[in-house]
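Letter by letter, the chains look like this.
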Amino acid sequence: MKTINFDHFAATKMRPEVKSAMEPFFIEEYGNAQSIHNLGDAPREALDKSRVQAASLFNCASSEVIFTSSGSESNNLAIKGAAFARMAQGKHIIVSGIEHFSVLNAVKSLTKLGFEFTALPVDKDGFVNPDDVKNAMRKDTILVSVTHASNEIGTIQNIKAISEIVHGFGNGAYMHTDANTSCGFIETDVKELGVDMLSAAPHRFYGPKGAGLFYLKKGTRIMPLIDGGVQEFGRRAGTENVAAIAGAGVACELAKNELNKRREHLLPIQNHIIDSVLSSIDEVYLNGSRTNRLPNNINFVIKYIEGESILMWLNNSGIMVASGSACTSKILKSSHVLTAIGVDAALAQGSLLISLGEDNTMEDAKYFTEQLPPIVQKLREMSPLYEEAKSGK
Amino acid sequence: MKTINFDHFAATKMRPEVKSAMEPFFIEEYGNAQSIHNLGDAPREALDKSRVQAASLFNCASSEVIFTSSGSESNNLAIKGAAFARMAQGKHIIVSGIEHFSVLNAVKSLTKLGFEFTALPVDKDGFVNPDDVKNAMRKDTILVSVTHASNEIGTIQNIKAISEIVHGFGNGAYMHTDANTSCGFIETDVKELGVDMLSAAPHRFYGPKGAGLFYLKKGTRIMPLIDGGVQEFGRRAGTENVAAIAGAGVACELAKNELNKRREHLLPIQNHIIDSVLSSIDEVYLNGSRTNRLPNNINFVIKYIEGESILMWLNNSGIMVASGSACTSKILKSSHVLTAIGVDAALAQGSLLISLGEDNTMEDAKYFTEQLPPIVQKLREMSPLYEEAKSGK
Amino acid sequence: MPVYSEKVMDHFQHPRNVGEITDADGIGELGNPTCGDIMKIYIKVKDNKIEDVKFKTFGCGAAVATSSMVTELVKGKTLEEAEKISNAAVAEALDGLPPVKMHCSNLAADALHLAIEDYKSVKAGKGHIAKVETCDHEHEGLDELEHA
Amino acid sequence: MPVYSEKVMDHFQHPRNVGEITDADGIGELGNPTCGDIMKIYIKVKDNKIEDVKFKTFGCGAAVATSSMVTELVKGKTLEEAEKISNAAVAEALDGLPPVKMHCSNLAADALHLAIEDYKSVKAGKGHIAKVETCDHEHEGLDELEHA
Ligand SMILES: Cc1ncc(COP(=O)(O)O)c(C=O)c1O
Ligand SMILES: Cc1ncc(COP(=O)(O)O)c(C=O)c1O
């Protein structure tokens, strides 16, 4: 049976070009990029090249690119790094309520060290209102972090407007955006976005696991999360994962070149799935903005049934999806993003999260929209909630 | 020309078995280990397997193994993680003066948050005196970190004795050891060492870059360095670098099986180089303990000449070495380890750091001991210091 | 998806005794949609034996499989025998459940016991018992994972 | 090791004018072994021209190459011409130096100027000038790298 990956937010298949760029650095060119003898040459050049490729995707200088190990590390570096560097100026941080846990838990853990944070509300489509940012800004606000596009509901924020407010406040507060979901699929031009820091994860756009990207605008002060040697301009110590970084660079180059092509490929598939599911199954809702949305994200709530069961049945049909239900989450809580946009906790159990990628075809979409309705039917027939609803209880 | 890697502390060549274990996880099994659909199966199993392999090397439970991205990250997790988790108990940390920068700079950066540290002296061979640990312990000491074996002078510390003192003090202080240089070459049995935390770096023993190991004894409380998802038992968030972790596991298994073989292979080569250099070149000294020493480390001081120049001439002969000279360090300071064992700053410029590995042969050693004396001679003839010394100035 | 045993997968994909019993003698309902699982078990009792049993479940794979398994285990058993079946026994009959599911989706025996209680309550003229709302598994998952 | 240009490597491997001039007219010595580099330049002056020049250097590749290059650049030049040669000009003649070396090992022109000063001091009857201890490049390297 064919495997259809409709869960690209969990994993994308690395491009062959990416793998080829990594290959020399496993065995032949195994040297340390910091070595000044010959074994360091090829690794050092690979890092330089990759930095240029990433810088081109972000429209920044290569000296503003720092390689980390993951999107979570980049987010933690932004939040904790800026917090520790600027604690003399203040201890207040603003985030949106729909940030990824690597942002939310980072700010929560800072509260143990005396920091405070404001979590901004979002509207029913998941948008942060820039006016709310303005109202939340305080003299002691040192950092604002708002995710570029939600990894659950795909809503794309108006980061430019938020950055302008943050910088316009005039107290030197930094603006960070978590672009771990958006990067590779929509523009992530740091000048256009107006941010001081940006996090991205090449493994989300056909690059390797093990490399994260971090844009740090010249002049932005952070403390390292990982102290030690001078790697990454003294901002992130540790022997560099040369192969992963080399691959990450290629993934950035591909992303830059293919952004339009990717959108054109994904949009019809996304549209087909949304339209077909909404019309063929009753009591199903789309979460997130219908228009200002990533081209590769779809999030439904299917009433009366539970996500893990849907996921397991789809898995049986060779279709891999995710869910924001409590049962599918390792912390056994349903999605805080769905809660933030006002989805009732019981309804959130029926969440279905589809994320598309370059390997998906319109046939995949059609196969999925055929497979889903009978699964929903079967699970609803087994559901005491559906029974109650039908009997009017 | 043949390339002889005498700088294995910078980089070791990955074993083919390690590469094979990684291979499936680049493209075919590209899934996310956290996915509950089929794409998550192989990655999850790979992590489990690798954890067992690492646990076997450390003689601990697999639930006590946490994968990080590097030795530096493991060290930072130990130091900052324990500091933040236990700051209510106290804010004093003890380290040795010859720790790696990923330990030293981590404690230094904690001082900005109100922590204090004591850096213990070492004797001329680089040993920490356990009595000094005893004297440095305070009621508010929460953590002691001493490197298992020095990455510069190879001296192996008596960690067991130090752990006993730390735990015997009775205030609940934790004991961490940085085994990033020792692991894979001497025993790193955490029960035997008596430590609560241990850091290790598979890329140092024929494993891949991009994976670090961290042993965290059951019951030991730390705060994550990277907050976010539930990966690594909630101790280290971020999409797992499955390939690197799979490779790391194999490197651990190989290390466990080959520890004796490695020592038997390395010792004669080490001995030949030490004996030959000390007898064929005058005014050369060996740094570090002659007996209680890693089998793969050699550290000389060659008077009157400078490390980078030696390194460049050896590089010309196909021999890759390192140095603790200021010129070879990216922070432009000569080795703090040599300073700590009492080597004069000027002498430290002539430091030559040789680290051996499985690809080295006795022929390599002989070739090196032939090549070195004329290089030393040439550089000394060019050296104003040598001129002064000879003329008795 | 081998997080689940083959037996769990079998019961999930081919659940036994799904449905309602319109003239049930006892109904046990347990759970809370907020937390993810609701189980409803219907029993038909004759001569102190569970003559028929059916279930409806809203929940994850483990919830469905444990519901299915408990119905299979108790069919034809006396009430006393049925009361002795524990959640742990159900999990064991399924060749185990992943640790994270042990305490949250492993409630089918409890639902069965409620159905028996309901039957007894009605028989004693006390009427039906209430649905039981559980959410004891709503917790910070990370705390669970503490090395403590 | 292409951190260094080919010209640097050439001068490092084939340093020009290594040695001492026993009856030198001027000697300039600069540096400090603690920081890594010491350069000593000997000049022989005739008719206001640098007739001969030799050097000894303790230091890294850049230190050796800049010493060698400066001797090549000034041989036969007038003292005035030689005084105009800057460290930057030496680095440029070598097709550049890695940034980290620019300020620490790029002192050969300074040493040459000291040799000329020494020559003038002796000629003026004021005796030899002192060796100059420099360690201005001793700094926290990381600060250098600050994004500031
Ligand atoms: C003793 C010691 N600690 C820490 C490290 C840092 O390890 P990594 O380079 O993997 O971050 C090293 C590495 O080189 C080391 O030798
Ligand atoms: C929006 C967002 N932020 C952060 C992350 C964390 O990235 P990583 O898994 O690479 O640590 C993710 C990843 O899944 C994400 O979607």
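Here's what I pulled together on the structure shown here.

This paragraph deals with unusual backbone geometry. At Glu-283 of chain B, a position not held by glycine, the phi torsion is positive, near 55 degrees. Structurally, the position occupied by Glu-283 of chain B is in the loop between helix H8 (242-280) and strand E9 (284-286).

The next subject is the relation of the copies chain A and chain B. Rotating chain A by 180 degrees about the axis while translating it 0.0 Å along that axis superimposes it on chain B, leaving an RMSD of 0.0 Å. Within this description, the copies of the chain are treated as partners about a two-fold rotation axis. Of the interface residues in chain A, 100% have counterparts in chain B that sit at the interface too, so the contact is made through matching surfaces.

As a further point, take the sheet that holds E9 of chain B. All names here are of chain B. Reading across from one edge, E9-E10-E12 is the order of the three strands in this open sheet, with antiparallel pairing throughout. The sheet terminates laterally at E9 and strand E12 (351-355), the two strands that pair on one side only. Pairwise comparison of adjacent strand axes, ignoring direction, gives a mean angle of 25 degrees for this sheet. As defined by bridge partners, E9 adjoins strand E10 (residues 297-302) across three bridges and the pair is classed as antiparallel. When the bridges of E10 are listed, Val-284 appears paired with Ile-302.

In the neighbourhood of ligand 1, 15 residues make up the surrounding shell, with Thr-239 of chain A together with Ser-72, Asp-178, Thr-181 and His-203 of chain B lying closest. Ligand 1 is flanked by residues contributed from chains A and B. Separating a nitrogen atom of ligand 1 from a side-chain N or O atom of Asn-180 of chain B is a distance of 3.4 Å. At a separation of 2.8 Å, an oxygen atom of ligand 1 approaches a polar side-chain atom of Arg-204 of chain B. Burial of ligand 1 by the protein chains amounts to 95% of its free accessible area of 390 Å².

The next thing to look at is the environment of Lys-84 of chain D. Here Lys-84 of chain D lies in helix H3 (residues 79-84). Put simply, Lys-84 of chain D and Thr-22 of chain D are 62 residues apart on the chain and 26 Å apart in space, counted from C-alpha to C-alpha.

Residue and element names in this part refer to chain C. Here Ser-121 shows up in helix H6 (residues 108-123). You can call Ser-121 buried: its relative accessible area is 12%. Contacts of Ser-121, omitting those with residues within four sequence positions, involve Lys-126, Gly-127 and Ile-129.

This part is about the packing of aromatic side chains. The final tally for this structure, using the stated rule, is 12 aromatic pairs over all chains. A centroid spacing of 5.4 Å and a plane angle of 75 degrees characterise the contact between Phe-6 of chain B and Phe-368 of chain B, whose relative ring orientation is edge-to-face. Here Phe-6 of chain B is found in the loop between strand E1 (4-5) and helix H1 (16-22), whereas its partner Phe-368 of chain B is found in helix H12 (residues 362-381), with 362 residues between them in sequence. An aromatic cluster is present here, built from Phe-84 and Phe-115 of chain A together with Phe-84 and Phe-115 of chain B joined pairwise through their rings. The ring of Phe-185 of chain A carries Arg-262 of chain A above its face, with NZ or CZ at 5.9 Å from the centroid. Of note, Arg-86 of chain B hangs over the ring of Tyr-174 of chain B, and the distance from its end group to the ring centre comes to 4.7 Å.

By number of contacts, the leading pair among the five pairs of chains in contact is chains A and B. The two units chain C and chain D are non-contacting; their minimal C-alpha-C-alpha distance is 36 Å.

So, on to the site of ligand 2. Neighbouring residues of ligand 2: 15 residues in total, closest Ser-72, Asp-178, Thr-181 and His-203 of chain A together with Thr-239 of chain B. More than a single chain frames ligand 2: its nearby residues are located in chains A and B. In the model, an oxygen atom of ligand 2 is placed 2.8 Å from a nitrogen or oxygen of the Gly-71 of chain A main chain. One of the side-chain nitrogen or oxygen atoms of Arg-204 of chain A is found 2.8 Å away from an oxygen atom of ligand 2. If ligand 2 stood free it would expose 380 Å²; the protein chains cover 95% of that surface. The element best represented in the shell around ligand 2 is helix H3 (residues 71-85) of chain A, accounting for three residues. In terms of residue class, the shell around ligand 2 is made up of one nonpolar, 12 polar and two charged.

Moving on: the environment of Tyr-367 of chain A. Residues and elements named next belong to chain A. The topology assignment puts Tyr-367 in helix H12 (residues 362-381). Assessed through its relative accessible area of 27%, Tyr-367 is described here as partly exposed. A sequence separation of 193 residues divides Tyr-367 from Tyr-174, and the C-alpha atoms of the two residues are 46 Å apart. A distance of 2.8 Å separates a polar side-chain atom of Tyr-367 from the backbone oxygen of Ser-317.

Turning our eyes to something else, we now look at the interface of chain A and chain B. Taken together, the contacts link 65 residues of chain A with 65 residues of chain B. Taken over both partners, the interface formed by chain A and chain B buries close to 5300 Å², and the fraction arising from carbon and sulfur atoms is 64%. If you sort the residues of chain A by the area they bury against chain B, Tyr-30, Lys-209 and Asp-227 of chain A come out on top, with a joint share of 13%. Counting across the interface, chain A meets chain B through four salt bridges. When the shortest N-O distance is used, the salt bridge between Asp-227 of chain B and Lys-80 of chain A registers 2.7 Å. The tally of links between chain A and chain B comes to 26 residue pairs in polar contact (both at pLDDT 80 or more). Considered class by class, the residues forming the side of chain A that touches chain B number 26 nonpolar, 25 polar and 14 charged.

How each quantity is defined
- Residues numbered from 1 in each chain as written.
- Chains lettered and ligands numbered in written order.
- Predicted model: local features only at pLDDT ≥ 70, side-chain atom pairs only at ≥ 80, totals over all residues.
- Heavy atoms only, no water.
- Helix = DSSP H or I, 4+ residues; strand = E, 2+ residues; numbered from the N terminus.
- Least-squares fit on C-alpha atoms with pLDDT ≥ 70 in both.
- Contact = heavy atoms within 4.5 Å.
- Pairing = 2+ DSSP bridges.
- Axes fitted to C-alpha atoms, helices over the stretch in contact; angles between N-to-C directions.
- Near = heavy atom within 4 Å.
- Polar contact = N/O pair within 3.5 Å; in protein donor to acceptor, adjacent residues only side chain to side chain.
- Areas by Shrake-Rupley, 256 points an atom, 1.4 Å probe, with all protein chains shown as cover.
- Buried < 20%, exposed > 50% of the residue type's maximum accessible area, 1.4 Å probe, protein only.
- Phe/Tyr/Trp six-rings, centres within 6.5 Å; stacked < 30°, edge-to-face > 60°.
- Lys NZ or Arg CZ within 6 Å of the ring centre and 35° of its normal.
- Nonpolar A, V, L, I, M, F, W, Y, C, P; charged D, E, K, R; others polar.
- Buried area = accessible area lost by both parts, 1.4 Å probe.
- Salt bridge = Lys/Arg side-chain N within 4 Å of Asp/Glu carboxyl O.

That is the geometry; function is a separate question.
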